[in-house]
Every structure is written in structure tokens, then in C-alpha cells.
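For reference, the chains in residue letters:
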Amino acid sequence: MTTQEINTSEYAEQLETRYAEASRRGEFYIQEGTIYFDGNSLGLLSKRAEASLLAMMDAWKRHGIDGWTQGEKPWFHLSEQIGGSMAPLVGAKPVSVIATGSTTSNLHQLLATFFKPEEGRTKIVADELNFPTDIYAIQSQLKLHGLDPAEHLIQVKSRDGQTLTTEDIIGALTDDTAIVILSGVLYRSGQVLDMARITEAAHERGILAGFDLCHSIGSIPHTLDDWDVDFAFWCTYKHLNGGPGATGGLYVNERHFGTAPGLAGWFGSDKDRQFDLAHTFTPAADAGALQMGTPHLLSAAPLIGSLELLNEVGIGAIRERSLALTGYLQQLIQLELAAYGFTVASPAGDTERGGHVFLVHPEAARICKALKANGLIPDFRAPNGIRLAPVALYNTFEEVRSAVQLLKRIMEEEQYKQFENKRDVVA
Ligand SMILES: *Cc1c(COP(=O)(O)O)cnc(C)c1O
């Protein structure tokens, strides 16, 4: 189709109708006059998430300490229940998922539990494109075992600086590898990795496979149980819309139930034994064993409403609409912005593209500032990347069209030149 045909309100409206099933725009707080394309960094607040947080405050107000066992959502079993609500999004049995910690602390816990270099395999395979915190956690866990990260952390290289090939990943899985840890969706390019094939290849070589699902949970479907993934971990403030610093999540394959947690704490206890207050730890029989201290319930409460909404729509419909949104965005970028030096670094194919589009441009930092000044909220990633996330639940096809028009105007009029090409403190 030509630009004339697809860059029209009528065409955007047609797409809106075709993919209406997953739109819940009316349930979210959207600032007037803005186009929010940053839901992959911090998802927006929904009315249901707000209501479930307020309900938690009310339970505290009315029940005090008895909130642990009384009220509509007693707190004692809440982390397990919220874990159960996340299970359909990762394709797992509810007992394999627990709401706890953060991405970083959960990775530490999982490595403390599953990385056992004394059994002869001393290497951890990751990649050179991963988010720094994952790499820091792996490096420090290696050091705790007296291993030099320079030698024992193997980072799979990217051929194009943006994506990884399954071939290169599998090629890095050597006889002395203990664990491979990769992202389900890469945080910059948005590439979806083939978690099934990587897990299979890892298992053929006696290696455990763990995945960081920060950018994939809530944006693409997973079937962790079927893929036989060993463990996974994620945050809930991106596509799960749990709010800033919301309680994270982790998955442990049923096969590993009974493995003693590396970092034990009393909230990992078997629930019936926890208040025996014994000095001999009896861990829970499921993923709950990996919890440590008292759960951060005020940071978990918004997830109750937010997950209800996500599960009501279903990840299948969300993925369909998301692909249509990012696909439309990529099409328009190619048609409208080719002359201005942008490279689309996210994969074009539907099986390989996550929930956001990644644009590379040497002036990215100040283009982002110009976009913000015009009401479009993007996400800058140093040194030269612009992430644009049209989110299925609350963004529209017309917003995608407006965003591309705005980008074109900023480039045509050289508006970005009014800003410094430097990142802000949080970017
Ligand atoms: C967002 C993100 C994190 C964040 O870690 P926190 O512990 O939640 O701060 C970690 N890893 C990846 C890949 C991410 O995208």
C-alpha cells in the first residue's frame, strides 16, 4: 500500500476496529495532550490497580495486624495468589510462580540457589546486550564463589550490535557451562529470543536455562512449563502496569521443587510451619520457598487489579494488537522517515519482534527531548536509541500515526536542534 493509503485516519480507524478486543484505554489514566509510548519502562496506572491499592490501605486501616488473616484479601497468602495470577502470562502452573523481590534480587536468589560450580561446571553464559543489572548480579555471584568473572562469565556477542542469533547462543554452550541466562525480549532492540530452542539445546548439554522476562511478560505469550525452562524472573512495572518499584516475580520449574533456596528467609517457609518459629528451616514445597522476608504488600497490591485486567483480556489478544501496533509503526517509519537518517533496529518479523520498536539515530537524545516537549513520551536509551512502545491495552493506531507525523515535523523543522544532545539523569 502507498503512504496515502496507510497514513490516514481512516486506515488507523480500520485497524482500531479490527484489533478492538484488546483495547482497554478507558480503564487507564492517560494525561490529556500526551501520547504515552513508554509503557515498556513504566506502564500506566489503571483504575483497577488504583482500586486494589486503596483496598489494601483500607484493610490496613480497618484490620491492623489482623489483615494478615482477615479482610477480603488476607496478606499471608497474597504473594502466592498474585503469583498464581501471573502464571497464565508465563504459561506455568500457579505453584511455579511467586510474587516477590525485584528482577535483580530474584536473579541473585535464583543464582544462589541453582549455580553450583563445585559440581564442576563453573561458567555462566549471558550476552553482551543484556541490561547491566543482570550482568552485575552474575558477576557478583561468580565472585562469591571465588570465580573471576573475566573468565567465567561468557557473553555471547552480537553480530549487528542489536540482536543475537540462536546459533551463536547455542555455540557458546560448552561442557563447563552451568547456566545460561538471557532475556525473553532484549531491552533495546526488542528482539524475541527463541526460548524453547535455547532451553532444549542447553538441556542437551546438561546446562540450566533461565530467562529474564522484564520486557516479555505482558507483551508476548510464554509457555515456560512446555519449554521446560528451569527458572525465570521479571519486574512488574513495565507491561504489567504494577507501578514504580512494584513487587517482581519469579518462576521455578516444578522439577526443581525441593532444591534448597540459596538465600533462605522465613517467608520461604512452608506456610503451616512458618509460625512455629523454629530455628530449623522448612522451606515451602514450591516456588514460594525462594521468598525471603515479609512481602512488600503495598508494592504488590496494584498488581491485583492490574493482573485481573490483563488476564481478562488475555495475552493472546494483547499480542495480536501489540504486533499490529508495532507493525503499523514500523511501516509508517519506513514510509515517512527514511530521509532523516533513522534505522529501525527492532526485528521486522512478527515472531521476532517484542512489544516496542527501537529506532537508532545519532541525534536520539535531543530528538527525544523535542518529542517530549511536543507531548510524546518516548524512552531514550544511550547512546543513540529511541524506544517507542505503543501498548496494546491503552495506546491507539491513531496515536501511532500522530507520533510518526510528529517525528517527521521535528526533523523537517529541525526542532531537535533547540536541545542539547545529552541524556538526563533518568533516561
Ligand atoms: C527493567 C529491567 C531490569 C530491572 O531490574 P530491577 O531489579 O527491577 O530494577 C532488569 N533487567 C532487565 C532486562 C530489564 O529490562
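### Section: the overall build of the protein
When its secondary structure is counted, the protein shows 14 helices and 13 strands. The globule rule puts the C-alpha radius of gyration for 427 residues at 22 Å, and the 22 Å found for the protein is close to it. Seen through its C-alpha atoms, the protein measures out along the principal axes to roughly 70 × 55 × 40 Å. With 427 residues in all, the protein has 56% of them scored as buried. Summarising the internal contacts of the protein: among those between residues at least 6 apart in sequence, 72% fall at separations of at least 24. Roughly 18000 Å² of accessible area belongs to the protein as shown, and the carbon and sulfur atoms make up 52% of that amount. Here the protein holds 36 positive side-chain charges and 53 negative ones, and the gap between their average locations is 4 Å.

### Remarks on the packing of aromatic side chains
Describing an aromatic ring pair means giving the distance of the ring centres and the angle of the ring planes. Across all of its chains, the model carries twelve aromatic pairs by this definition. Geometrically, the ring pair formed by Phe114 and Phe231 is stacked, given 5.6 Å between the ring centres and 5° between the ring planes. Taken as a pair, Phe114 in helix 5 (residues 103-114) and Phe231 in strand 7 (residues 231-234) lie far apart in primary sequence, 117 residues in all. Side by side, Phe114 and Phe231 carry an identical accessibility label, which is buried. Centroid distance Tyr328 to Phe397: 6.1 Å. Interplanar angle 50°. Geometry classified as tilted. One end of the pair, Tyr328, is in helix 12 (residues 315-337); the other, Phe397, is in helix 14 (residues 397-412), and 69 residues separate them in sequence. No difference in accessibility class separates Tyr328 from Phe397, as the two residues are buried. A network of ring pairs unites the aromatic residues Trp68, Trp75, Phe76, Trp266, Phe267 and Phe275 as a single cluster. In this arrangement the basic side chain of Lys47 is found over the ring face of Tyr29, its NZ or CZ atom lying 5.6 Å from the centre. The ring of Phe76 carries the charged tip of Lys271 above its face, separated from the ring centre by 4.5 Å.

### So, empty space enclosed by the protein
One pass over the structure, following the stated rule, counts two cavities of 30 Å³ or more. Taken together, Gly218, Ser219, His239, Asn241, Ile318, Ser322, Gly355, Pro390, Val391, Ala392 and Leu393 make up the lining of the largest cavity. Partitioning the lining of the largest cavity into residue classes produces five nonpolar, six polar and no charged. Here the lining of the largest cavity gathers at least three residues from each of two domains, domain 1 (3-30 + 314-418) and domain 2 (50-312). Volume-wise, the second largest cavity comes out at about 50 Å³. Lining the second largest cavity are Phe114, Val252, His256, Phe257, Gly258, Thr259, Asp286, Ala287, Ala289 and Leu290. Looking at the lining of the second largest cavity, its residues break down into six nonpolar, three polar and one charged.

### Details of the nonpolar core
Grouped together as the largest cluster of nonpolar side chains are 63 residues, with contacts concentrated most on Ile82, Leu213, Trp234 and Leu240. When we break this core down by domain, the ones giving at least three residues each are domain 1 (3-30 + 314-418) and domain 2 (50-312). If you look at the next biggest cluster of nonpolar residues, it comprises 36 residues, including Tyr11, Ile35, Leu329 and Val400.

### Notes on the domain arrangement of the protein
Partitioning the protein into structural domains gives domain 1 (3-30 + 314-418) and domain 2 (50-312). Distance between the C-alpha centres of domain 1 and domain 2: 30 Å. Residue-level contacts link 25 residues of domain 1 with 23 residues of domain 2. Around 2000 Å² of area is buried between domain 1 and domain 2 when both sides are counted, 56% of it from carbon and sulfur atoms. Our enumeration of links across domain 1 and domain 2 arrives at twelve residue pairs in polar contact (both at pLDDT 80 or more). Counting only elements with at least two residues in the side of domain 1 that touches domain 2, the list comes to helix 12 and strand 10 (357-360). In terms of residues, the side of domain 1 that touches domain 2 owes the most to one element, helix 12, which gives three residues. Looking at the side of domain 1 that touches domain 2 residue by residue, the class counts come to twelve nonpolar, six polar and seven charged.

### Brief notes about helix 3 (residues 47-63)
In this model, helix 3 (17 residues) spans 24 Å end to end at C-alpha, consistent with the 24 Å of a helix rising 1.5 Å per residue. Listed as buried for helix 3 are Arg48, Ala49, Ser52, Met56 and Ala59. Looking down the long axis of helix 3, one finds its buried residues gathered within 110° of arc, a one-sided arrangement. Opposite the buried face of helix 3, at more than 90 degrees from it, the exposed residues are Leu54, Lys61 and Arg62. In this structure, the buried side of helix 3 is in contact with helix 4 (78-90) and helix 11 (297-313). Following helix 3 by one or two positions, Gly64 adopts a phi angle in the positive range, close to 55°.

### Observations concerning the site of the ligand
Taken together, 14 residues sit near the ligand, with Thr103, Thr104, Asp134, Tyr237 and Lys238 positioned nearest. At 2.8 Å, a side-chain N or O of Asp134 approaches a nitrogen atom of the ligand. Within the complex, the protein chains bury 86% of what would otherwise be the 390 Å² of accessible surface of the ligand. Going through the elements one at a time, helix 5 and helix 6 (132-144) are the ones with two or more residues in the shell around the ligand. Of the residues belonging to the shell around the ligand, the class tally is four nonpolar, seven polar and three charged.

The rules we used
Residues numbered from 1 in each chain as written. Predicted model: local features only at pLDDT ≥ 70, side-chain atom pairs only at ≥ 80, totals over all residues. Heavy atoms only, no water. Helix = DSSP H or I, 4+ residues; strand = E, 2+ residues; numbered from the N terminus. Rg over C-alpha atoms; globule rule 2.2 N^0.38 Å. Buried < 20%, exposed > 50% of the residue type's maximum accessible area, 1.4 Å probe, protein only. Contact = heavy atoms within 4.5 Å. Areas by Shrake-Rupley, 256 points an atom, 1.4 Å probe, with all protein chains shown as cover. Lys, Arg positive; Asp, Glu negative; His and termini not counted. Charge placed at Lys NZ, Arg CZ, Asp CG, Glu CD. Phe/Tyr/Trp six-rings, centres within 6.5 Å; stacked < 30°, edge-to-face > 60°. Lys NZ or Arg CZ within 6 Å of the ring centre and 35° of its normal. 1 Å grid on protein atoms, 1.4 Å probe; cavity = no way out; pocket = protein on both sides within 12 Å on 5 of 7 lines; lining within 4 Å. Points joined across faces, edges and corners; volume = space filled by probe spheres on them. Nonpolar A, V, L, I, M, F, W, Y, C, P; charged D, E, K, R; others polar. Domains from an automatic or database assignment. Core = buried A, V, L, I, M, F, W, Y, C linked by side-chain atoms within 4.5 Å. Buried area = accessible area lost by both parts, 1.4 Å probe. Polar contact = N/O pair within 3.5 Å; in protein donor to acceptor, adjacent residues only side chain to side chain. Expected span 1.5 Å × (residues − 1). Arc of directions from axis to C-beta. Near = heavy atom within 4 Å.

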